[in-house]
Structure formats: structure tokens, C-alpha cells
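Chain by chain, the residues:
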Amino acid sequence: MSLTMESPAVAPVNGAVANVMRILRARGMSVPPAGEFEDRPDSTDEYQAQVNRTAWANSLALSSHDDYNRFRLDRLEPEQEPERLRAFVDALVTVRRHNRAQLRLPAPERSLKTVARLNAVLSGNVGTGKTAAAIAAGSYAVDSGIMVRFLSHSRYLAWLRPNSAPAGMTTLRLKELHERCDLLIVDDLCNELDGYASTFVRTETADLLNARLHSGRATLFTTNLNSAQVGEVLGERFASRIGSQAAHFKMVGGDRRRPLTW
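Worth saying up front: this structure is predicted, and the values here are computed from it rather than measured. (Residues numbered from 1 in each chain as written. Predicted model: local features only at pLDDT ≥ 70, side-chain atom pairs only at ≥ 80, totals over all residues. Heavy atoms only, no water.)

When helices and strands are tallied, the protein shows nine helices and five strands. Going from N to C terminus, the protein has its helices and strands arranged as α-α-α-β-α-β-α-α-β-α-β-α-α-β. By residue count, 47% of the 262 residues in the protein fall in the buried class. Taking all contacts inside the protein whose residues are at least 6 apart in sequence as the whole, residues at least 24 apart take part in 81%. Taken as a whole, the protein presents about 13,200 Å² of accessible surface, with 49% of it coming from carbon and sulfur. (Helix = DSSP H or I, 4+ residues; strand = E, 2+ residues; numbered from the N terminus. Buried < 20%, exposed > 50% of the residue type's maximum accessible area, 1.4 Å probe, protein only. Contact = heavy atoms within 4.5 Å. Areas by Shrake-Rupley, 256 points an atom, 1.4 Å probe, with all protein chains shown as cover.)

Attention shifts here to the packing of aromatic side chains. This structure, assessed with the given rule, holds three aromatic pairs. Here the aromatic rings of Y68 and F71 are separated by 5.5 Å at their centres, their planes lie at 50°, and the arrangement is tilted. Ring centres 6.5 Å apart and planes at 80° place the aromatic pair F221 and F238 in the edge-to-face group. Of the two residues, F221 sits in strand β4 (residues 218-223) while F238 sits in helix α9 (residues 236-243), which places them 17 residues apart along the sequence. Of the two residues, F221 and F238, neither departs from the other in class, the shared state being buried. The aromatic ring of F200 is capped on one face by R161, whose charged end is 3.8 Å from the ring centroid. (Phe/Tyr/Trp six-rings, centres within 6.5 Å; stacked < 30°, edge-to-face > 60°. Lys NZ or Arg CZ within 6 Å of the ring centre and 35° of its normal.)

Turning next to the packing of helix α6 (residues 171-180) against helix α7 (residues 199-214). A pair of packed helices is characterised by two quantities: the angle between their axes and the separation of those axes. Where α6 meets α7, the closest approach of the two axes is 9 Å, and the angle between their N-to-C directions is 45°. Here α6 is positioned oblique relative to α7, judged by the angle of their axes. Regarding α6 and α7, the two cross each other, and that crossing is right-handed. Together, K175, H178, E179 and R180 of α6 and E204, D207, L208, A211 and R212 of α7 make up the contact between the two elements. Classifying every residue of the contact of α6 with α7 by side-chain character gives two nonpolar, one polar and six charged. (Axes fitted to C-alpha atoms, helices over the stretch in contact; angles between N-to-C directions. Parallel < 35°, antiparallel > 145°, perpendicular 65-115°, else oblique. Left-handed = near helix turned anticlockwise from the far one by under 90°. Nonpolar A, V, L, I, M, F, W, Y, C, P; charged D, E, K, R; others polar.)

In this structure, E81 is a non-glycine residue whose phi angle is positive, near 55°. Position of E81 among the secondary structure elements: in the loop between α2 (44-62) and α3 (82-102). With phi around 55°, D188 is a residue other than glycine that occupies positive phi space. Of note, D188 is situated in the loop between β3 (183-187) and α7.

A separate point is the packing of α3 against helix α4 (residues 130-143). Across the interface, α3 lies against α4 with an axial gap of 10 Å and an inter-helix angle of 40°. Between α3 and α4, the crossing angle belongs to the class labelled oblique. You can see that α3 and α4 cross each other, and the crossing is right-handed. Taking contact as the criterion, the partners of L85, R86, V89 and D90 in α3 are, on α4, A133, A137, Y140 and A141.

In this model, the protein carries an average pLDDT of 84, and 78% of its residues clear a pLDDT of 70 or more. Low confidence marks residues 7-13, where pLDDT is under 50. Its contacts with residues over four positions away, or in another chain, come to 32 contacts. (pLDDT = per-residue confidence, 0-100.)

Right, let's get into empty space enclosed by the protein. Evaluated as defined, the whole model comprises one cavity of 30 Å³ or more. Approximately 60 Å³ is the volume attributed to the largest cavity. H153, Y156, L157, V186, T205, L208, L209, T219 and F221 are the residues that line the largest cavity. Contributions of two or more residues to the lining of the largest cavity are made by α5 (153-159), α7 and β4. Here the lining of the largest cavity is composed, by residue class, of six nonpolar, three polar and no charged. (1 Å grid on protein atoms, 1.4 Å probe; cavity = no way out; pocket = protein on both sides within 12 Å on 5 of 7 lines; lining within 4 Å. Points joined across faces, edges and corners; volume = space filled by probe spheres on them.)

Shown next as C-alpha cells:
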């Protein structure tokens, strides 16, 4: 599938918008050349919001989850903890907005904040609605003004293999896109690893998490495994790094897909 990660419609830009475009590129976002498209929003905030929406939709499509884009927090079941997810996102958005404002000040005058719960883990049995809840939280975060991407853990690892990245992307570009967004949703952590992870899998997964932790960017994981099982697959240090700064959301109930059994 060939998709540009961010490609909102734009017209010739003024100096303020051009500056925003440079910032977006520095954060690892693909921005089209000035004048390539028409109907660019006049507001720089609206332009960035459009970039965020496009990035979110494309990340879902690349992971073959674009049909999940219909899920919203206010449509979730109580067992999927929509209000706690809303509070988690609100905390991220509040700190992000504050820090963006502070970065406009001279360095000696800045007072940056951090989030107490930088990560989130949605755990539960197969079919309990973890992915739907995570995507609903992601959509809410995008609507709240931050950059969010969705990523299937197994698919990300497959993309990092030689000559396997999505069309038009390099491995470096792929990593940058997922290391630099404000919130990354990693779906089905450890899925299809059968209780064992190679050195490649452990290294690449740890590198992604470490890059995000070091830059203060949030990650939301969904998984069928508990922390001990994640530790067995990816190493105890990895599980510890997630758990030390994470909010836990336990998805309960039966399989919402109501599959045929025999």
C-alpha cells in the first residue's frame, strides 16, 4: 500500500505557515512543498490539526485498521473504561500544550512539566475490546490537538526487515515517524512471537520505547499478556520500563466479536 503519512491540501504559504511546516518536518512529518495543493487552511493551528488527522488516518490504514476509525470514547462500553482513557489523554494534552508554550520562552524562563503516567497498558483476553478502546482514545487525542499514530507491533517489526518498509519509506524514516509523534499506540504487543523474541525483536522494540521515553513522549500498549509474560518474551527490563510509568486498564468480559465456536 502506498500512502504519504501526512499530505493535507495546501496552497502557497505565508511566513508563519512556512515556519510551521519546517517544524513539522523537523518532527519527522512529511509535508508537501508549498503550492503543490490548493485549499490550505489559513490558520496555522488548523493546518497542523489537518496534518494530525491525516497522519492518524494513514497510520490506521497502513496497519489495516482503518475500519476501526469509527470508534469513539463516548460509544465504548463501561468495561472498556472510556472515562479513565479520556483522563489519561487529557493529562497528556495539558502537559503538551503547556510545554509548547514554554518552549517559546527564553531557556532560562522555561518551566517544563512531565506526565506522571507517561505510558498506558490495555490488557485483557482476546476480543475484550482493547484495540477499539485504544483507537477511540487515539481519535480523542487527535481531536484534542496532538499527533498520534497507530502501530501493529508485529507489522512494525516486519517493516524493519530489509526492503520491507511501506512503499516510499526508508527504515530510518519509519523509525522517526513512530519515535516522534506525541502519542503512539502499539497494538498487540508480543503478538505472534510464540513466547520467544529474537535479539532483533527485543532490540528494535526496546529502541522504540527508549527513544520515546527519553523524549517524554507517551505510548499506549494493548496486549493479551500480563507483565510477567511480556517480561518472558521481551525481557524483564523492558516490562519494568513500561510498568514504572504506566497506567493500567484491564479490559474484562467475553469475546465481543461473538465468534462461532465448534
